[in-house]
Amino acid sequence: MQVEYRSQNRSIRALQKWQNVFVEDPHEIESHHGILSQFTITQGPDNHGLHYKIEFALPKSEPLFIWRMTINNRGKTPVEIERIQLLGVGSKPASNRFSPRSFRTKGTLPQSGVIRPHPNPGELAFFSNGWQSWSYTGSYASDERYNNTKFGFITSPMWFSQGTPRSQKQGRFSSDMFGILGDRQHRTGILAGFLSQKKHFGSLEVSTNSLYPTMALWANGDQARLDPGTEMSTDWAAIQFVDIDSPNPFGSYLIAASREHQLMNSHPNPSIGWCSWYQIFQDISESKITANLNSAVEIKKILPIDLFQIDDGFESQVGDWFHFSDGFPNGVTSLANEINQAGLTPGIWLAPFIVHSKSQLKRHH
């Protein structure tokens, strides 16, 4: 765990050495996550008057380990927080030597040790969570490269978080908020991330080198100013082992995230299901919808899905909602009936305030 900040135009890296440390006795507290078994470590002040409090906790109701950091400026000058790294692990041997050295890449702080989903090296892969709904979300094999854009500065600000690195090296991947380092051979994985993004945007970077895998998890400070007498806390970070063959390997993490946002009571029956946009964007047709509906019927035997949504691409043009593309010669009524008969709620995407320049609606009005 390390903190990067700037003070009077100087770059500072804190928590490299632990000194003036106080460890609080473990105790139990009530929280959104039920009873937590928790203890706290405090350290400081550093040379610029910053104190650091790190809370570690184990929820009794979920198989998660969670922790967060609070930085308190008790100095005389403001500082700008650049990065709060809550986890950095993994090392790579120096060339022609057996002794390990720090394995540092753009976007990560120096790390040491090793992190593996299984004690024996296996077939590593990584599940990456995208920055927003158009960003790639999915799994990468070790011999692949992180999906990037060829449109550079035009699309990068929309598709990628500024604080999340985008390496083009084989086997080096990043993710936003959370991700899973998995082992396809031994069928296990390590999920790491944040339970919320209320305080900061969180980033994760891994290397899937089979002998020397690495992982770094940090909160992006975005150079936010921390004045004397004020403090800054991160969101709760979380880590757990997962069974990647489980029908719902993200379950415990997502339930904890919903508790962190207090959604369990305000949204007791959220819709859960499939939406064509997040798989095939506008490249949809009646046959593709039917094929995915058949798959959804099988998945429904395992997971409690209830919604099946046809997204953008069924209409001839945006604005002409009752005129259909060539892929939907029969419209969508018959598909809605099929979805109902399958025991799912049919959904449709509309954008009533958008009119395409080539639409009939624009030409006629």
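Scoring rules and cut-offs
- Residues numbered from 1 in each chain as written.
- Predicted model: local features only at pLDDT ≥ 70, side-chain atom pairs only at ≥ 80, totals over all residues.
- Heavy atoms only, no water.
- Helix = DSSP H or I, 4+ residues; strand = E, 2+ residues; numbered from the N terminus.
- Buried < 20%, exposed > 50% of the residue type's maximum accessible area, 1.4 Å probe, protein only.
- Contact = heavy atoms within 4.5 Å.
- Salt bridge = Lys/Arg side-chain N within 4 Å of Asp/Glu carboxyl O.
- Axes fitted to C-alpha atoms, helices over the stretch in contact; angles between N-to-C directions.
- Parallel < 35°, antiparallel > 145°, perpendicular 65-115°, else oblique.
- Nonpolar A, V, L, I, M, F, W, Y, C, P; charged D, E, K, R; others polar.
- Pairing = 2+ DSSP bridges.
- Patch = residues over 30% accessible without salt bridge, like charges linked within 9 Å, V, L, I, M, F, W, Y side chains within 5 Å.
- Areas by Shrake-Rupley, 256 points an atom, 1.4 Å probe, with all protein chains shown as cover.
- Phe/Tyr/Trp six-rings, centres within 6.5 Å; stacked < 30°, edge-to-face > 60°.
- Lys NZ or Arg CZ within 6 Å of the ring centre and 35° of its normal.

Chemist: Can you help me understand unusual backbone geometry in this one?
Modeler: Most of the time, phi is negative for any residue but glycine, and the peptide bond is trans. The omega torsion across G44 and P45 is 0 degrees, close enough to zero to call that bond cis. When you line up the elements, P45 lands in the loop between β5 (34–43) and β6 (50–59). A positive phi angle is found at L15, which is not glycine, with a value near 70 degrees. Positive phi is not limited to glycine here, since R187 has a value of about 60 degrees. If you trace the backbone, R187 turns up in the loop between β14 (178–183) and β15 (188–194). Residue classification places R187 among the partly exposed residues on the basis of a relative accessible area of 34%.

Chemist: I tried to follow the environment of T42 on my own but got confused; where do I start?
Modeler: Relative to the helices and strands, T42 resides in strand β5. Residues T42 and Y52, ten residues apart in the sequence, show an inter-C-alpha distance of 5.5 Å. Other than its neighbours up to four places away in sequence, T42 contacts N20, V21, F22, Y52 and K53.

Chemist: Would you take a moment to explain the pattern of salt bridges for this structure?
Modeler: One side chain can pair with another of opposite charge once the charged atoms of both are near each other. Going through the model one piece at a time under the given rule, you end up with eight salt bridges. Note that R13 and E4 form a salt bridge whose closest N and O atoms lie 3.0 Å from each other. A relative accessible area of 27% places R13 in the partly exposed class. Between K60 and E28 there is a salt bridge, with its nearest N and O atoms 2.6 Å apart. One end of the pair, K60, is in the loop between β6 and β7 (65–73); the other, E28, is in strand β4 (residues 27–31), with 32 residues separating them in the sequence. By relative accessible area, which is 55% here, K60 ends up exposed. Residue classification places E28 among the partly exposed residues on the basis of a relative accessible area of 48%.

Chemist: Looking at this model, I keep getting lost on the packing of helix α5 (residues 286–299) against helix α6 (residues 333–341). Mind explaining?
Modeler: Their axes nearest at 11 Å, the elements α5 and α6 cross at an angle of 5 degrees. In terms of their interaxial angle, α5 and α6 are classed as roughly parallel. Taking contact as the criterion, the partners of E286, I289, T290 and L293 in α5 are, on α6, L335, E338 and I339. The class makeup of the residues in the contact of α5 with α6 is four nonpolar, one polar and two charged.

Chemist: Explain the sheet that holds strand β13 (residues 172–176) to me, please; I cannot follow it from the model alone.
Modeler: Hydrogen bonds between backbone atoms are what pair the strands of a sheet, whose relative direction is either parallel or antiparallel. Strand order in the open sheet formed by six strands is β2-β1-β8-β17-β16-β13, with antiparallel pairing between adjacent strands. Edge strands, defined here as strands with exactly one partner in the open sheet, are β2 (10–14) and β13. Strand after strand, the sheet turns through a mean of 20 degrees between neighbouring axes, direction not considered. Sheet topology places strand β1 (residues 2–7) next to strand β8 (residues 79–89); five bridges connect them, and they run antiparallel. From the neighbouring strand, Q2 faces β8, where its bridge partner is Q85.

Chemist: Can you walk me through the sheet that holds strand β22 (residues 345–348) in this structure?
Modeler: Spatial strand order, β20-β21-β22: three strands in an open sheet with parallel pairing. What marks the edges here is a single partner per strand, and that holds for β20 (273–275) and β22. When the angles between neighbouring strand axes are averaged without regard to direction, this sheet yields 15 degrees. Relative to strand β21 (residues 307–310), β20 runs parallel, the two sharing three bridges. Of the residues in β21, the one forming a bridge with W274 is F308. Contacts between α5 and the sheet are confined to β20 and β21, with β21 contributing the most and set at about 170 degrees to the helix. Against the sheet, α6 contacts β21 and β22, and its axis sits at roughly 145 degrees relative to β22.

Chemist: What am I meant to see in a nonpolar patch on the surface here?
Modeler: A cluster of nonpolar residues, W18, V21, V23 and F39, forms a patch on the protein surface that exposes about 340 Å² of accessible area. Looking at the secondary structure, you find W18 in the loop between β2 and β3 (21–23). Relative accessible area serves as the criterion here: at 43%, W18 is assigned to the partly exposed category.

Chemist: Would you mind showing me how to read the packing of aromatic side chains here?
Modeler: Each aromatic ring pair is specified by the distance between its two centres and by the angle formed by the two planes. Under the defined criterion, the tally for this structure stands at 18 aromatic pairs. A centroid spacing of 6.0 Å and a plane angle of 20 degrees characterise the contact between F56 and F65, whose relative ring orientation is stacked. Take F65: its relative accessible area is 31%, and that puts it in the partly exposed class. Each ring, one from F314 and one from F324, has its centre 6.5 Å from the other, and the planes form 40 degrees; the classification is tilted. Of this pair, F314 sits in the loop between β21 and α6 while F324 is found in the loop between β21 and α6, placing the two residues ten residues apart along the sequence. A cation over a ring is seen here: R83 above W218, with NZ or CZ 4.5 Å from the ring centre. Between the NZ or CZ atom of R166 and the centre of the ring of F160, over which it lies, the distance is 4.4 Å.

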